[in-house]
Amino acid sequence: MVSLEFTKCLAELDPIIFLFYFSHQILRYLYASRGGLSETELLALIPNLTLNFLSVFTEVLTEHLVLKYQGGLLTFAHEQVGYDANKFFLKKLTVNEEI
């Protein structure tokens, strides 16, 4: 489990790394869930995730049709988006490989 000190250090070092860390965790949990997750479930699963970050994150990605709310649950808008998110976050990147 990630400690509060660790996430505070991430936020102080580089906000981009902080953003990437939480985005990575949210999208991985959404991919692992079959029917989607509610915001309260995501807040319970990811330590130190704030409602402010989650609200902005989901608003931006729903506007860009990456995520959608269906029956109160947050899911990927399309199957291909979920597949690509999983492929991106679970593959091992090398130094010479482009993202």
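This text follows the structure it describes.
Thresholds applied
Residues numbered from 1 in each chain as written. Predicted model: local features only at pLDDT ≥ 70, side-chain atom pairs only at ≥ 80, totals over all residues. Heavy atoms only, no water. Helix = DSSP H or I, 4+ residues; strand = E, 2+ residues; numbered from the N terminus. Buried < 20%, exposed > 50% of the residue type's maximum accessible area, 1.4 Å probe, protein only. Contact = heavy atoms within 4.5 Å. Core = buried A, V, L, I, M, F, W, Y, C linked by side-chain atoms within 4.5 Å. Pairing = 2+ DSSP bridges. Phe/Tyr/Trp six-rings, centres within 6.5 Å; stacked < 30°, edge-to-face > 60°. Expected span 1.5 Å × (residues − 1). Arc of directions from axis to C-beta.

Asks: Where do I start with the overall build of the chain in this structure?
Replies: A tally of regular secondary structure across the chain gives five helices and two strands. The N-to-C order of helical and strand elements in the chain reads α-α-α-α-β-β-α. When burial is assessed residue by residue, the chain has 31% of its 99 residues classed as buried. Partitioning the intrachain contacts of the chain with sequence separation of at least 6 by distance along the chain shows that 47% fall at a separation of at least 24.

Asks: Where do I start with the nonpolar core in this structure?
Replies: What tends to happen in soluble globular proteins is that the nonpolar side chains get buried as a cluster. Ranked by internal contacts, the top residues of the largest apolar core, which has 18 residues, are Ile26, Leu27, Leu30, Leu42, Leu49, Phe57 and Leu67. For this core, the secondary structure elements donating two or more residues are helix 2 (15-32), helix 4 (51-63), strand 2 (73-76) and helix 5 (79-90). Looking at this core, the element that brings in the most residues is helix 2, giving five residues. Other than its neighbours up to four places away in sequence, leucine 27 contacts Phe57, Leu61, Leu67, Phe76 and Phe89.

Asks: Would you mind showing me how to read the pairing of strand 2 here?
Replies: Within a regular strand, side chains alternate between the sheet's two faces. As defined by bridge partners, strand 1 (residues 67-70) adjoins strand 2 across four bridges and the pair is classed as antiparallel. Its bridge partner lying in strand 2, tyrosine 69 is registered against leucine 74. Where strand 1 folds back onto strand 2 in an antiparallel hairpin, the turn is made up of two residues, including glycine 71, whose phi is positive at roughly 65°.

Asks: Is there a simple way to explain the packing of aromatic side chains in this structure?
Replies: In this description, a pair of aromatic rings is defined by centroid distance and the angle of the planes. The tally for this structure, following the rule as stated, stands at three aromatic pairs. For the pair phenylalanine 53 and phenylalanine 57, a centre-to-centre distance of 5.8 Å together with 20° between the ring planes defines the contact as stacked. Taken as a pair, phenylalanine 53 and phenylalanine 57 lie in helix 4 at a separation of four residues, close to a single helical turn. Owing to a relative accessible area of 16%, phenylalanine 53 belongs among the buried residues under this scheme.

Asks: How do you make sense of the environment of phenylalanine 22 when you look at a structure like this?
Replies: Inspection of the secondary structure assignment puts phenylalanine 22 in helix 2. Residue classification places phenylalanine 22 among the buried positions, given a relative accessible area of 1%. When the C-alpha positions of phenylalanine 22 and phenylalanine 53 are compared, they lie 8.7 Å apart, and in sequence the two are 31 residues distant.

Asks: Is there a simple way to explain helix 5 in this structure?
Replies: Think of an α-helix as 3.6 residues a turn; residues three or four steps apart then line up on the same face. In a regular helix each residue adds 1.5 Å, so twelve residues correspond to 16 Å; helix 5 covers 17 Å between its end C-alpha atoms and thus fits that length. Taken together, the buried positions of helix 5 are Gly82, Ala85, Asn86 and Phe89. Across the axial projection of helix 5, the buried residues extend over an arc of 95°, all falling on one side.

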